[in-house]
Structure formats: structure tokens, C-alpha cells
Amino acid sequence: MRTPLFLLIWFVIAAAVFAGAIAFGNDYVFFAGYVVLQYVVLSTAWNILGGYCGYVNFGSAAFFALGAYSTVAIYKFYPLPIPLLLVFGGAVSGLVGLGMGYLTLRLRGAFFAIATLALAVVMETLVVNWDYVGGSRGAYIIRPEEIAPIGNYIRYLFLIMLLLAVAAITTARLIEHSRLGYGFATIRDDELAAEASGVPTLRLKLIATTISGALMGMAGAPFPYYIGYLQPSSTFGLEYAVNSIAMPLIGGTTSWVGPLIGAILLGSLQQIATVTISSAVNLLIVGCLLVGFVIVAPNGIVGLVHKYLQRKPDDFVGRRRVDPDAPEPAP
Amino acid sequence: MIFSFDLLINAVVSGILIGGFYAAVTCGVSISFGILDIVNIAHPAFIILGSYVAYIVNTTFGLDPILTAIIVTPLFYALGAGIYQVYYVSFEKRGQESLRGLAFFFGLLFITEVSLVLYFGVDYRYVDAAYIGPSVHVGGLDMPLRILVPCLVSLLLIAVLQFILKHTFIGRAIMAVAQDHFALRLMAIDPVRIKRIAFGISIATASLAGAFLIIIQPVEPSVGREYIGRIFAICVLGGMGSLPGTVIAAMLLGIVESLTSTFYGPSWAPAVSFGLLLLTLAVRPSGLMGR
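Note that the coordinates shown come from a computational prediction; the quantities given were computed from them, not determined experimentally.

Q: So what exactly am I meant to see when it comes to the overall build of chain B here?
A: Helices and strands together make up the secondary structure of chain B, namely 11 helices and 2 strands. Ordered by position from N to C terminus, the α and β elements of chain B give α-α-α-α-β-β-α-α-α-α-α-α-α. Over its C-alpha atoms chain B spans a radius of gyration of 19 Å, differing by no more than 12% from the 19 Å that the globule rule assigns to 291 residues. C-alpha atoms of chain B, sized along the principal axes, occupy 60 × 45 × 35 Å. With 291 residues in all, chain B has 52% of them scored as buried. Long-range pairs, those at least 24 residues apart, make up 78% of the contacts in chain B between residues at least 6 apart in sequence.

Quick look at the structure:
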């Protein structure tokens, strides 16, 4: 499918979602839907580095919060329109991703993962000590009641996140089918072999980190307007990190479909669980699902569906099915 | 800030003492990450678990936290061995440890923390022991026993671990499995068994580190997160898998952190370890005593 057609289909879907949400008649749908869409963007962004290149980023919360706090920093100076804030938040997070990638990606993959894990703690320390953006007391953002053509402000925020989600998915798909995507795949499968065949691995990894970080920052940029009161410990919360890892891994990491499915399923599940049970329990559910899926279904829901569809008679030897993906037994 | 020599010396000494404790916190990761190449980012969660075990036993039976920790080491060893078995079968055998193995440990970290929050809440918990409270005064130095005791026991722990690694059969097999596990097979040793034992030992140290932690400061479930940066900064700075390097790096970090909080304020201390980690990775990735 060509990209313009793909984009067109998604615009139609997005329009249908927006119209459906309005037809529902209750603004709570927009509040809940915003969070789900935010996770669609975050998990798609995570998957560009994690799923395509095979490098784990535990610092989603840090990149997300960077976007949110750059909005606060600008808001204190002069309240710009949100699309501009999106660009700015994306740029800041992208640059941080690039810098950290440059320092750690030349080494073994584990170091990058560890550095991202510590990044959230350090960024939180910086924000707590930075009085301009509210420090540990937090910062208030006054959300306007209405905005001209759309009406209620939460609908406007929802629409922005919806468009951002479409943009993220399209970017992911574009990467998947380009030279860049094939380069990423070689890194994931065998970095040493890729390097030896002349793939510029460091440059590709840096590109992936920057794009992924920028998208996460963009997801965070409208967040202060959504929440109204931004506080360091909740903005840097572990739930962003764990969700943006769990969603792609549960959905399936090899294509853009996986994070989308994972985010919609898990995101909606959490919205329902937060209302009906408690938010701590729903995080426990996410953690258990993550561990369960990586052990039992390494290729996620997409992998399970794929396997089911691809069952061919010649996969069966005698009465036992032979798994075509199974690795060679260890020597 | 008025600079005073007394303040400086006190900061350095308390940095060395807290560094001894950091060494106990890190030595488990030095074994799992440094020697076995298992990126166990869930280690801080096991340390917090150790703290809570010490807390429960201390408040119900009044038993000394360090003694409790030593008594429950076999339980932690078994837990570690069990986790390694799952990790081996699900990830190492399939060659998926880099992405899914990491996510697995991250999930464990998360599940442990959330379970503790659900059961104990987010209140700070603390223990009682004779050495919590009084201080030793030597000259102008002020050494609180609640940090001095964990530091000394921790150094003892590292000495024992070092002895095991260098002078016993199992320890030498653990060092060998890091280098060449095919050669180990030729010696008729099962590398998976050796790794299981080593990982069990690494988790067993978390029980002691947890007891030290709750002696030094009140503990709540998310405290462990602050230690992730510290642990890996020390582990990398010390040189992967070197226990003497771990002790030196831990004390170095302790001193730098203590100086930072004395002269710039304690709210900056968490950033120190990360800066040190990035600096090490950029300048000397093999660490101080790296192979």
C-alpha cells in the first residue's frame, strides 16, 4: 500500500473515531481516549528503537516528561499554541535522545538500557531543583475553556493526540518499508554482521534514538494542558516506562500493528480498571502481563495471530506440528 | 557556603562509610551483570524485598536485622536460582536475552514494587537495633554506628565473596563460565548449573544489602529506584565483575555524593551517579579494574 493511501485511510478512521466520540455525548470519553491515544504514540515511538533496532529504552518517562516540561517552560514565558509546543517538545527530547545515544550506543546494548533507566531519576532531580518550572511543588497550567472551531478544550487536545497518533503510526510504517527500516532490522538481527557488511550501525542507531525520543517528547508536550497541574513525581512515573515497553511487547514488536494493538488493548483495559478497581492493581496487571507475554508469547499478539494463520499442512510432521520459528537446539 | 576543613573531612569519611554500604548493594550485580552477563535490573527490587523481610522479622520477633538477613539468605538463594532457571529456559536458551530478557527483569522490578505498595502501602518503615542512634567520635570525626556497622559487615561480605570466587572450586568455575562455557563442558561441568549457583549467590547478597538499607534509612517500596543508577554506575566504574574494583568505585561514589550533598545540597545527590556513569562510559568503559 502506498503511503498517501495509508495516510488517507487513517485520516478516515481518525475522523470516524472523533465523530464517534462526539456522538457518545459524554466528555469523559475524551479524557479517557486521550490517555489511550497518548499510549499509542508512546508505544509506537518505543517500538521504533526497541522493536526495529532491538535496543531497550527504559526512559520513556524521562522523554515524555521532557516534552511536558518544555511546554511548562515556554508557557511561563509566553503561552504558544499547542502545535508549536509539540514541535518544541519533540526537538528537546530528540536532542537528549541523540546525546545520550551518542555516549552509550557505541558500547554494548545493555549500557544504553541502563543509562536510560537512570535518565528518569536524573531528569527528575533536575526538574525538582529548577524553580522556574515549579520545582518539587509542581506547576499549574490554566487550560482555556473553549477553542474557536472545535469548542470544548478537551476535544481539541483529543484531536491533537489523535493526529499525532496517526503521524506516529505513519512514520513507523514508513520506516519499516524503507532502507532505514532494513538497516534497523540488520542491527536487531546481528549487529556485528551488519557492521561488517558496511551498514553504518552507529548512525542508524542514533537516527532511531532521535526519532523515538522526539515522538515521546511530542506525546508529552500537550500533557500539562490535559492534567492542569504538573508534578515531577507523577510525570516521571514508572507507569509510562512500563506501559510503553509492555504495550509493544504484548502487541508484537516487528511491525507498526503490534504497538497499536497493545496500546489500545492495554490502554483501554487500564482505563476501565482504574475506574472499577484501583490504579495500583492495574499496574500490577500490566507487569504480570508483560512478564507472561515475554515468556510465553515472545512475538506478542501479532505473532500468535500470524502463527495461527500460517499453519500449513506441511508444518505437521506425523501428528506433531513443527514450529518453523523454533531455533536450533543448543549444542 | 563557608568552606571548612572539618566539614570536608567529615564529608569524606561519611562518604567512605556509605560507600561500604554501596559496595554491598552492588556486589550482587557485579556477579550477575559483571561475571554472568545477565543484566539484572531487578536487583534493587530484591534489596527492598530484603529490607521488608528484615522489617517484618524485626517488628514481630525483635530479631536483629543483620542476623535476620543472614538467616534468610538460603531463601533468597533459592529465589535467585529459581529466577535464573526461568530466565535460562525462556530467554538465554532461545537467544533472546537482549530485548525480552531485559523486559522480563523490568517486569519483575515492577511487580515486586507494586506488590509491596499494595501490601504495605507507601509509608516509610524502619527497624530497631542497639546500634541505631549512637555515634562514635574520633577526634573531630563523627561516625554514626548505623552506617559504620553496615559498612564493616559489608566489607566482610565482600571479603567472603572474593574468597569464594578465588579459592573454591565453585568460585573458580563461576569465573570460568564468564570466559568460556564450552571449555567448562569439556571439564564435565554443567555451565547452566554454575550460572544458577552464581545467580543464586548474587540474589542472596540482596538480603544483606536490604537489611543494611533499612538500618541506614527508612524504606518505602520505591526507594529501590534511586539505587538503580548507583548500582550500575559503581559496577561499570569498578570494572565489570571485579569485587575489589566494586569496593573502590563504591567508596569513590560515596565520597563524591557526600561532597555534593554537603556543598550543593542533598537534592542534587541522585544526579551524581548518573553523571559518573556517563563519564565512565565515555572515557573508560572498561572501568577502574577492568579486564
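Q: Would you mind going over helix H5 (residues 109-128) of chain A with me for this structure?
A: Helical periodicity: at 3.6 residues per turn, an α-helix aligns residues three or four positions apart in one direction. Residues and elements named next belong to chain A. For H5, with 20 residues, the first-to-last C-alpha span of 30 Å sits near the 28 Å given by 1.5 Å per residue. At Leu 119, H5 is bent by approximately 30°, the largest bend along its length. H5 sits mainly inside the fold: 18 of its 20 residues count as buried.

Q: Looking at this structure, I do not really get the confidence of the model for chain B. What am I missing?
A: The predicted coordinates ought not to be read in detail in places where the model reports low pLDDT. Here chain B averages 88 in pLDDT, while 98% of its residues score no lower than 70. On the interface metric, ipTM, the complex scores 0.84, and its pTM is 0.86.

Q: What am I meant to see in the packing of helix H4 (residues 82-104) of chain A against helix H9 (residues 201-220) of chain A here?
A: A pair of packed helices is characterised by two quantities: the angle between their axes and the separation of those axes. Residues and elements named next belong to chain A. Here H4 crosses H9 at 145°, and the two axes come no closer than 7 Å. Crossing hand, H4 versus H9: right-handed. Of the residues in H9, those touching H4 at Leu 86, Gly 89, Gly 90, Ala 91, Val 92, Ser 93, Gly 94, Val 96, Gly 97, Leu 98, Gly 101 and Tyr 102 are Lys 205, Leu 206, Thr 209, Thr 210, Ser 212, Gly 213, Ala 214, Met 216, Gly 217, Met 218 and Gly 220. Counted by class, the contact of H4 with H9 contains 10 nonpolar, 12 polar and 1 charged residues.

Q: Which parts of the structure should I look at to understand helix H12 (residues 238-251) of chain A?
A: Residue and element names in this part refer to chain A. Look at H12: 20 Å from first C-alpha to last across 14 residues, which is about the 20 Å you get at 1.5 Å a residue. Buried residues dominate H12, accounting for 13 of its 14 residues. Immediately downstream of H12, the backbone of Gly 252 shows phi near 130°, a positive value.

Q: Help me understand the pairing of strand E1 (residues 135-138) of chain B, please; the structure alone is not making it clear to me.
A: Across a regular strand the side chains alternate sides, sitting on one face of the sheet and then on the other. Residue and element names in this part refer to chain B. With 4 bridges joining them, E1 and strand E2 (residues 141-144) adopt antiparallel strand pairing. Bridging from a neighbouring strand, Val 138 pairs with Leu 141 of E2. In this antiparallel pair of consecutive strands, E1 and E2, the connection spans 2 residues, and Gly 139 shows a positive phi of 60°.

Q: Just checking my understanding: could you explain the nonpolar core for this structure?
A: Soluble globular proteins: nonpolar side chains tend toward being buried together. Core analysis: the largest hydrophobic core is formed by 198 residues, its most contacted members being Ala118(A) and Leu290(A). Setting aside anything within four residues of it in sequence, one finds Leu290(A) in contact with Val242(A), Ile245(A), Ala246(A), Leu249(A), Ile250(A), Ala103(B) and Gly107(B).

Q: Looking at this structure, how should I read the confidence of the model for chain A?
A: Per-residue pLDDT for chain A has a mean of 86; in total, 94% of the residues score no lower than 70. At the low end of the mean pLDDT range in chain A sits strand E5 (residues 316-317) of chain A, at 48; at the high end sits H9(A), at 93.

Q: When you look at the packing of helix H3 (residues 60-77) of chain A against H12(A) in this model, what are you seeing that I'm missing?
A: Residue and element names in this part refer to chain A. It is the contact of H3 with H12, at a shortest axis distance of 7 Å, that shows an interaxial angle of 120°. In this structure, the crossing between H3 and H12 has a hand that is right-handed. Across the interface between the two elements, Ser 60, Ala 61 and Phe 64 from H3 touch Leu 238, Tyr 240, Ala 241 and Ser 244 from H12. Within the contact of H3 with H12, the residues separate by chemical class into 5 nonpolar, 2 polar and no charged.

What counts and what doesn't
- Residues numbered from 1 in each chain as written.
- Chains lettered and ligands numbered in written order.
- Predicted model: local features only at pLDDT ≥ 70, side-chain atom pairs only at ≥ 80, totals over all residues.
- Helix = DSSP H or I, 4+ residues; strand = E, 2+ residues; numbered from the N terminus.
- Rg over C-alpha atoms; globule rule 2.2 N^0.38 Å.
- Buried ≥ 20, exposed ≤ 12 C-beta atoms within 10 Å, placed from the backbone.
- Contact = placed C-beta atoms within 7 Å.
- Expected span 1.5 Å × (residues − 1).
- Bend = angle between axes of the 7 residues up to and from the residue.
- pLDDT = per-residue confidence, 0-100.
- Axes fitted to C-alpha atoms, helices over the stretch in contact; angles between N-to-C directions.
- Left-handed = near helix turned anticlockwise from the far one by under 90°.
- Nonpolar A, V, L, I, M, F, W, Y, C, P; charged D, E, K, R; others polar.
- Pairing = 2+ DSSP bridges.
- Core = buried A, V, L, I, M, F, W, Y, C linked by C-beta atoms within 7 Å.

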